[in-house]
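Breakdown of the fold
So the chains spell out like this:
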Amino acid sequence: MRIKGHTLQLLGTILVLTGIYVLAAKLGLSLAFIHPSATPVWPPTGITLAALLILGNRVWPGILLGAFLANITTAGSVTTSLAIAGGNTLEGLVGAYLVNRFANGPHFCERPQDIFRFTLLAGVVSTMVSATIGVTTLALSGLASWTDYTSIWLTWWLGDAMGDFIIAPLLMLWSENPSVRWNRYEIFELALLLLSLFLIGQMIFGGVLPTNAKNYPLDFLCVPVLVWTAFRFGPRETATTAVMLSGIALWGTLHGFGPFAKDTLNESLLLLQLFMGCTAVMALVFAVILLDRKRAEEVHARLAAIVESSVDAIVGITLDRTVVSWNRAAERLFGYPAGDAIGNPISFVMPPDRVHEESQIIDRLKRGEYIDHFETVQRRKDGQEFPVSLTISPIKDATGKIIGASKNVRDISDKKRAEEQIQASLKEKEVLLREIHHRVKNNLQVIYSLLRLQSRLVTDPKASALFKDSQARVRAMALVHETLCQSKNLSRIDMSEYSRTLTRRLFESYGISSDTLGLNLNIAPVSFSMETAVSCGQLINELVSNCLKHAFPNGRTGDVTVELLSNGNDTYLLTVSDNGVGLPPDFEVGKAESLGWQLVPMLVEQLNGTFELQERAGTTVRLTFSEIHYKGRI
């Protein structure tokens, strides 16, 4: 249903376009004096081009049908009418393609250069297609003499070209902006404009002047009306005024009035159309230039207002470092009024030892660089120096050449003072944290010493072993705080240095010589938070202690290996292995009586990890875990 509705809508558009084309064609052919099919006034060309630009090439059947009906009911046969209609359609399609390709398409009235391209490509080039096909068809069919080919072709071509020049811009501009938003003052001015247009039209083309004045070049009086319209209203109203003036001039010339009334009506209309076409195009270009200038002035005014209201100092300088603009914020920041700053070298706001920075900045700008948040020091009128942040961008002319620089200057004195206060506060906190870690380490060391002293009074070997295990666990925790106390980073612990120190102290604690057992460490350069380091350190302590106590009985020699590697994806692999006697055949971690093997699963759970026990050529424990994320402390 939607496709059917779309097809019906397209068919209706084509039929409406056909009707408009036929009416406009009949109007134009009523002014054909040199040949029934060639007229110097041909509005359908402009209608065709506007329709193809607005509605697209899909409406070409309406143009073909309208041109055929207009010609078949005027003169010629079905064959000649089809050929002429085909030429008119092809002319429109070529013109629309050229305008879309080279003249900004439906928006060709927005820039002067596009209007000139439209004039050349659509008005001059594409209209030659219809004139050539049409006149050649008439000559080949015997409806026109070959001797009259040039005059008929010129009339046909000029009539089509002027249709593009005068009608197409009018339709395009009103289709883009059909709404009327004139206030009462503009309506009053528009009424005066129309009255002036009527009076001047009557003076030039109405025959109200004496007969001996008709040979005077009074046509220049049309220009002020068009300039007035262009200056006060815009391109749309200028194109409308040009069409209205063209209609008045056409009526007067047909009645023998005005400077273009010559011996023959065809010659008179050709001269009139040339004048009105050229005048309409130039008036439209003038209107667009004025509109661009108004827009540029509005943009400039908005930018100037933004610059003036900016809280940052904005300074414009040339490549030779001369100040050319100085906003109010710059006056407040530096203490110099704009009159004292503009025209002087920018070095007057720079300390003597910073003057060289300006030449370096200019050199970077010449290379097309944009300088963002460049911190330096500048100087106020009273000689006080203060820190600033500069954002500097190049200023380019219309050709893209760098002609200067825009400097955005922000006083960062408060920011620097705040940074100094933060740094001082951080320094105090760092000292405090180091002191806390130092005291915790000392307290744990006291506990370690107490356990050691108490163990000397214990004669039972099993109890003595328990004391020694507890000492090792306390020392492992104390070592974390000792490492943090000595580290530059108080939030992370270097596991490589920590692991080496921990395992070395375990060997010393159990009195094991390097000649008896070898220690192999493979610790990746990773760092952990204190929470993760404590749990990981306890795991290393328990597993290495088990190796040292049970894997090498009766002075047996061997090796203990500790590896800590990163698996990627924020997971880590801890491996502790030995080549000792291995675990008993009936050993189960969950049923183990030793505190160490009871602690291992608990510590692994704290690390959100898993562990695997392998018994081949000794004992190997592999633990995969993730770092504990800090959740905050109270």
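Computed from a prediction, not measured in an experiment: that's the story for all the values here.

**A short note on the overall build of the protein chain**
- On a plain count of helices and strands, the protein chain comes out with 18 helices and twelve strands.
- For the protein chain, with 634 residues in total, the buried portion stands at 44%.
- Partitioning the intrachain contacts of the protein chain with sequence separation of at least 6 by distance along the chain shows that 63% fall at a separation of at least 24.
- A total of about 33200 Å² of accessible surface is found on the protein chain, and carbon and sulfur atoms cover 59% of it.

**A few points about the sheet that holds strand 4 (residues 385–396)**
- Read from one edge to the other, the open sheet built from five strands follows the order 2-1-5-4-3, with strand pairing classed as antiparallel. The open sheet has two edge strands with one neighbour each: strand 2 (323–326) and strand 3 (371–379). Sheet twist, expressed as the average angle between the axes of neighbouring strands with direction ignored, equals 30 degrees.
- Of the strand pairs in this sheet, strand 1 (residues 313–318) and strand 5 (residues 402–411) are connected by six bridges, and their pairing is antiparallel.

**Looking at the environment of alanine 242**
- Mapping alanine 242 onto the fold places it in helix 9 (residues 235–254).
- According to the relative accessible area criterion, alanine 242 is buried, its value standing at 3%.
- Along the chain, alanine 242 and alanine 280 lie 38 residues apart, while their C-alpha atoms are 5.6 Å from each other.
- Among residues more than four places away in sequence, those in contact with alanine 242 are Leu226, Met276 and Ala280.

**Quick word on a nonpolar patch on the surface**
- Together, Leu8, Leu11, Leu15, Leu65, Leu69, Ile72, Val78 and Leu82 give the surface a local cluster of nonpolar side chains, amounting to about 660 Å² of exposed area.
- Tracing the sequence through the fold places leucine 15 in helix 1 (residues 2–29).

**Overview of the confidence of the model for the protein chain**
- Here the protein chain averages 83 in pLDDT, and 85% of its residues register 70 or above.
- When pLDDT is averaged over each element of the protein chain, helix 2 (residues 44–55) comes out on top at 94 and helix 15 (residues 461–486) at the bottom at 63.

**A short note on the packing of aromatic side chains**
- This model, assessed by the stated rule, comprises 13 aromatic pairs.
- Judged by centre distance (5.4 Å) and plane angle (40 degrees), the ring pair of tryptophan 326 and phenylalanine 334 falls under tilted. For the pair formed by tryptophan 326 and phenylalanine 334, the shared burial category is buried.
- Arranged with centres 5.9 Å apart and planes meeting at 75 degrees, the rings of phenylalanine 528 and phenylalanine 625 form a pair that is edge-to-face. One end of the pair, phenylalanine 528, is in strand 8 (residues 527–528); the other, phenylalanine 625, is in strand 12 (residues 619–626), and 97 residues separate them in sequence.
- Exposure remark for phenylalanine 625: the relative accessible area of 3% places this residue in the buried category.
- Geometry around tryptophan 174 places arginine 236 over its ring, the cationic atom sitting 4.3 Å from the centre.
- Here the basic side chain of arginine 380 rests over the ring of phenylalanine 386, its NZ or CZ set 3.9 Å away from the ring centre.

**Some words on the side chain of threonine 155**
- With respect to the helices and strands, threonine 155 occurs in helix 6 (residues 149–176).
- Given a relative accessible area of 1%, threonine 155 falls into the buried group.
- Engagement of the side chain of threonine 155 in a polar contact is seen with the backbone oxygen of serine 151, the distance being 2.9 Å.
- In this structure threonine 155 touches Ile34, Ala38, Thr39, Pro40, Asn266 and Leu270, once residues within four positions along its chain are discounted.

**Points about the pattern of salt bridges**
- Considering all chains together, one arrives at twelve salt bridges under this definition.
- A salt bridge links glutamate 189 to arginine 232; its shortest N-O distance comes to 2.7 Å. Taken together, the residues span a long stretch of sequence, with glutamate 189 in helix 7 (residues 184–205) and arginine 232 in helix 8 (residues 222–232) at a distance of 43 residues.
- Judged by relative accessible area, which is 13%, glutamate 189 ranks as buried.
- Residue classification places arginine 232 among the partly exposed residues on the basis of a relative accessible area of 42%.
- Among the salt bridges present, the one from glutamate 297 reaches arginine 293, with a minimum N-O distance of 3.3 Å.

**Focus on the packing of helix 3 (residues 60–72) against helix 4 (residues 78–102)**
- Closest axis-to-axis distance for the helix 3/helix 4 pair is 8 Å, and the angle between their directions is 140 degrees. With respect to their mutual orientation, helix 3 and helix 4 come out oblique. Regarding helix 3 and helix 4, the two cross each other, and that crossing is right-handed. Residues Trp60, Ile63, Leu64, Ala67, Phe68, Asn71 and Ile72 of helix 3 form the contact with helix 4, whose participating residues are Val78, Ser81, Leu82, Ile84, Ala85, Gly86, Asn88, Thr89 and Leu93.

**Considerations on the pairing of strand 3**
- Bridging between strand 3 and strand 4 involves seven bridges; their strand directions are antiparallel. From the neighbouring strand, threonine 376 faces strand 4, where its bridge partner is valine 388.
- In textbook terms, the turn of a hairpin is the stretch between consecutive antiparallel strands, and for strand 3 and strand 4 this stretch comprises five residues, one of which, glycine 383, has a positive phi near 90 degrees.

**What to know about the sheet that holds strand 7 (residues 517–523)**
- Ordered by their spatial adjacency, five strands build an open sheet running 7-9-10-12-11, and the pairing between neighbours is mixed. Of all strands in the sheet, those bounded by a partner on one side alone are strand 7 and strand 11 (610–614). Along the sheet, successive strands turn relative to each other by an average axial angle of 10 degrees, direction set aside.
- As judged from the seven bridges shared by strand 7 and strand 9 (residues 558–568), these two strands associate in the parallel manner. For leucine 517, the partnering residue across the bridge sits in strand 9 and is glycine 558.
- Along the sheet, helix 16 (residues 495–509) contacts strand 7 and strand 9; its crossing angle with strand 7, the most-contacted strand, is approximately 165 degrees.
- Contacts from helix 17 (residues 530–551) reach strand 7, strand 9, strand 10 (571–578) and strand 12, with the element oriented near 15 degrees to strand 10.

**Quick look at the pairing of strand 2**
- Relative to strand 2, strand 1 runs antiparallel, the two sharing three bridges. Each residue of the ladder has a partner; that of isoleucine 317, found in strand 2, is valine 323.

**Observations concerning unusual backbone geometry**
- A positive phi angle is found at asparagine 104, which is not glycine, with a value near 70 degrees.
- Looking at the secondary structure, you find asparagine 104 in the loop between helix 4 and helix 5 (112–140).
- With phi around 70 degrees, arginine 321 is a residue other than glycine that occupies positive phi space.
- Tracing the backbone shows arginine 321 in the loop between strand 1 and strand 2.
- Taking relative accessible area as the criterion, arginine 321 reaches 32% and is therefore assigned partly exposed.

**As for the side chain of threonine 80**
- Among the structural elements, threonine 80 can be located in helix 4.
- Separated by 2.8 Å, the side chain of threonine 80 and the backbone nitrogen of serine 77 make a polar contact.

**Section: the environment of leucine 543**
- Here leucine 543 lies in helix 17.
- Taking the relative accessible area as the measure of exposure, leucine 543 reaches 3% and is therefore buried.
- Along the backbone, leucine 543 and tryptophan 597 are 54 residues apart, and their C-alpha atoms lie at a distance of 8.3 Å.
- Not counting the four nearest positions on each side in its chain, leucine 543 is found in contact with Val576, Trp597, Val600, Val621 and Leu623.

Calculation criteria
All residue numbers refer to positions counted from 1 along the written sequence of the respective chain. With pLDDT at 70 or above as the cut-off, local features in this predicted model cover only qualifying residues; side-chain atom pairs require 80 or more to be listed or tallied, and sums for whole chains, interfaces and linings still use all residues. Heavy atoms from the whole structure form the basis of all side-chain values; hydrogens and water molecules are not counted. Every helix listed is a DSSP run of H or I at least four residues long, and every strand listed is a run of E at least two residues long, numbered separately from the N terminus. Per-residue accessibility, obtained with a 1.4 Å probe over protein chains only, is compared with the maximum for each type, and a residue is labelled buried under 20%, exposed over 50%, and partly exposed between these values. In what follows, a contact means two residues having at least one pair of non-hydrogen atoms within 4.5 Å. All accessible areas in this document rest on Shrake-Rupley with a 1.4 Å probe, and a residue is counted as covered only by the protein chains that are shown. Being paired, for any two strands, means DSSP has found at least two bridges between them. Lines fitted to the C-alpha atoms define the axes, with helices restricted to the stretch that makes contact. Angles between their N-to-C directions range from 0 to 180 degrees. Grouping into patches uses exposed residues only, defined as over 30% relative accessible area, and leaves out salt-bridged ones; the cut-off is 9 Å for like charges and 5 Å for nonpolar side chains (Val, Leu, Ile, Met, Phe, Trp, Tyr). By convention in these notes, a salt bridge is any Lys or Arg side-chain nitrogen within 4 Å of a carboxyl oxygen on Asp or Glu. As a per-residue measure, pLDDT reflects the predictor's confidence and takes values from 0 up to 100. In this analysis, rings of Phe, Tyr and Trp, with Trp reduced to its six-membered ring, are considered paired at centre separations within 6.5 Å, and the interplanar angle assigns stacked below 30 degrees, edge-to-face beyond 60, and tilted for intermediate values. In this scheme, the term charge over a ring applies when either NZ of a lysine or CZ of an arginine sits within 6 Å of the ring centre and within 35 degrees of the ring normal. For the purposes of these results, a polar contact is taken to be a pair of N or O atoms within 3.5 Å, where, inside protein, one atom must be able to donate a hydrogen and its partner to accept one; residues adjacent in sequence count only when each atom of the pair is a side-chain atom. Any angle that falls under 35 degrees is termed roughly parallel, while one over 145 is termed roughly antiparallel, one within 65 to 115 roughly perpendicular, and all others oblique. We call a crossing left-handed when the near helix sits turned anticlockwise from the far one by less than a right angle, and right-handed when that turn is clockwise.

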